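Structure at a glance
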Amino acid sequence: NAGVMQNPRHLVRRRGQEARLRCSPMKGHSHVYWYRQLPEEGLKFMVYLQKENIIDESGMPKERFSAEFPKEGPSILRIQQVVRGDSAAYFCASSPPVGGSNQPQHFGDGTRLSIL
Amino acid sequence: DQQVKQNSPSLSVQEGRISILNCDYTNSMFDYFLWYKKYPAEGPTFLISISSIKDKNEDGRFTVFLNKSAKHLSLHIVPSQPGDSAVYFCAASETGRRALTFGSGTRLQVQP
C-alpha cells in the first residue's frame, strides 16, 4: 500500500493523558499536513511540515499541541493533557516536493481520537 | 467566518442522471480549488482540481466549473452511479500557501 498511512486508527485517552498520532506520507512525498474534523463539519487545517521544518502552523492551537516531521520516521502530532474537546478525527495528508502550491494533497484514513 | 461554503447539506439524484454540487467562496486570494469525495471511516479522496486561470477542467465523468466573478464553483458528475454516493467536499488554497480551507460537505445519494 503506497498511500498515506496513519496509526493508530482509533485512540482512546482519559482526560489529562497524552495522545500521539503518527503519519507516514506517500512514497516520494516530503510535505505533510495535519487536519482535524469535528462531527458534521469540514476538515480544518492545523499544520504543514517538511522534513525537520514547520512551514505553517497557523491552524494549531497555541497550547498543548505540537507536531514534528523528523529526518527519519513518521510525522507525529502530539496532544498533551487532552480534554474532551480534543475528541475528533485527525487526518494527515501528503504532497510531492515538486509542482509548487498547486498540488493535490492525498489523505490517510485518519485517527479517531476519543477522550473519556 | 466560513470562507468556503457548501449550502446544500444533501442531494439525491437518480442513477444515470447528472449530479451538480455547488460551492461558494469569499476569499479573493484563493487561486486553487479542489473536490474531494469521502466515504464513512475513510479519508478524503482527491477527485479533481482547477486553477484560477481556467474556468473548466474535465476528467472522465467529473467536470469542475469555476466562475471567478461570482466566486462560485461546481462539480458535475455525469452519468451518476450508485458508487458515487458519498460526502463531497470543496476545498481551496490561497496563492503561495498550501493550507486547504474546506467547506462543510454535501452528502450525495445516487438512487439505483
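Everything discussed here concerns the structure shown above.
This is a predicted model, so every value here is computed, not measured. (Residues numbered from 1 in each chain as written. Chains lettered and ligands numbered in written order. Predicted model: local features only at pLDDT ≥ 70, side-chain atom pairs only at ≥ 80, totals over all residues. Heavy atoms only, no water.)

Here's the deal with the packing of aromatic side chains
Across all of its chains, the model carries 12 aromatic pairs over all chains by this definition. Both rings, one in Phe107 of chain A and one in Phe102 of chain B, keep their centres 6.0 Å apart while their planes meet at 75°; by these two values the pair is edge-to-face. Taken together, the positions of Phe107 of chain A in strand 10 (residues 106–107) and Phe102 of chain B in strand 10 (residues 101–102) put the pair across two chains. With respect to class, Phe107 of chain A is no different from Phe102 of chain B; both count as buried. (Phe/Tyr/Trp six-rings, centres within 6.5 Å; stacked < 30°, edge-to-face > 60°. Helix = DSSP H or I, 4+ residues; strand = E, 2+ residues; numbered from the N terminus. Buried < 20%, exposed > 50% of the residue type's maximum accessible area, 1.4 Å probe, protein only.)

So, the pattern of salt bridges
The final tally for this structure, using the stated rule, is 6 salt bridges over all chains. Residue Lys44 of chain A pairs with Glu41 of chain A through a salt bridge whose shortest N-O separation is 3.8 Å. Close ionic contact of Arg61 of chain B with Asp84 of chain B constitutes a salt bridge, the shortest N to O distance being 2.8 Å. In this pair, Arg61 of chain B is assigned in the loop between strand 6 (56–59) and strand 7 (62–67) and Asp84 of chain B in the loop between strand 8 (72–77) and strand 9 (86–94), connecting sequence segments 23 residues apart. Where salt bridges share partners, they join Glu18, Arg20 and Arg78 of chain A into one cluster. (Salt bridge = Lys/Arg side-chain N within 4 Å of Asp/Glu carboxyl O.)

Focus: the nonpolar core
In this structure, Phe33, Trp35, Leu73, Leu75 and Tyr88 of chain B are the most contacted members of the largest nonpolar core, which totals 23 residues. Elements represented by at least two residues in this core include exactly strand 3 (19–25), strand 4 (30–38), strand 5 (45–51), strand 7, strand 8, strand 9 and strand 11 (106–111) of chain B. Filtering out sequence-adjacent residues up to four positions away, Tyr88 of chain B remains in contact with Gln6, Leu21, Trp35, Tyr36, Lys37, Leu47, Leu75, Ile77, Gly105, Thr106 and Leu108 of chain B. In this structure, Leu49, Ile79, Tyr90 and Ile115 of chain A belong to the second largest nonpolar core, which totals 22 residues. (Core = buried A, V, L, I, M, F, W, Y, C linked by side-chain atoms within 4.5 Å. Contact = heavy atoms within 4.5 Å.)

A look at the interface of chain A and chain B
Of the residues lining the interface, 26 residues belong to chain A; the matching set on chain B comes to 20 residues. Viewed at the interface, chain B and chain A are joined by 1 salt bridge. Among the ionic pairs, Asp56 of chain A bridges to Arg97 of chain B, the shortest N-O distance being 2.5 Å. Scanning the region where chain A abuts chain B turns up 10 residue pairs in polar contact (both at pLDDT 80 or more). Contributions of two or more residues to the side of chain A that touches chain B are made by strand 4 (31–37), strand 5 (43–50), strand 9 (88–95) and strand 10 of chain A. Take the side of chain A that touches chain B: its biggest share by element is 4 residues, from strand 4 of chain A. In terms of residue class, the side of chain A that touches chain B is built from 9 nonpolar, 12 polar and 5 charged. (Polar contact = N/O pair within 3.5 Å; in protein donor to acceptor, adjacent residues only side chain to side chain. Nonpolar A, V, L, I, M, F, W, Y, C, P; charged D, E, K, R; others polar.)

Focus on the pairing of strand 11 (residues 111–115) of chain A
Residue and element names in this part refer to chain A. By the criterion of burial, strand 11 is predominantly enclosed, with 4 of the 5 residues buried. For strand 2 (residues 10–13) and strand 11, the ladder comprises 4 bridges, and the chain directions are parallel. The residue of strand 11 that forms the bridge with Val12 is Ser114. The pairing of strand 9 with strand 11 spans 3 bridges and is antiparallel. Note that in strand 11 the partner of Ala88 across the bridge is Leu113. (Pairing = 2+ DSSP bridges.)

Remarks on the sheet that holds strand 6 of chain B
Residues and elements named next belong to chain B. Taken together, 5 strands build an open sheet; the order of strands is 1-3-8-7-6 and the sheet is antiparallel. In this open sheet, the two strands that pair with only one neighbour each are strand 1 (4–5) and strand 6. Examined bridge by bridge, strand 1 and strand 3 share 2 bridges and lie antiparallel to one another. Within strand 3, the position partnered with Lys5 by the bridge is Asp24.

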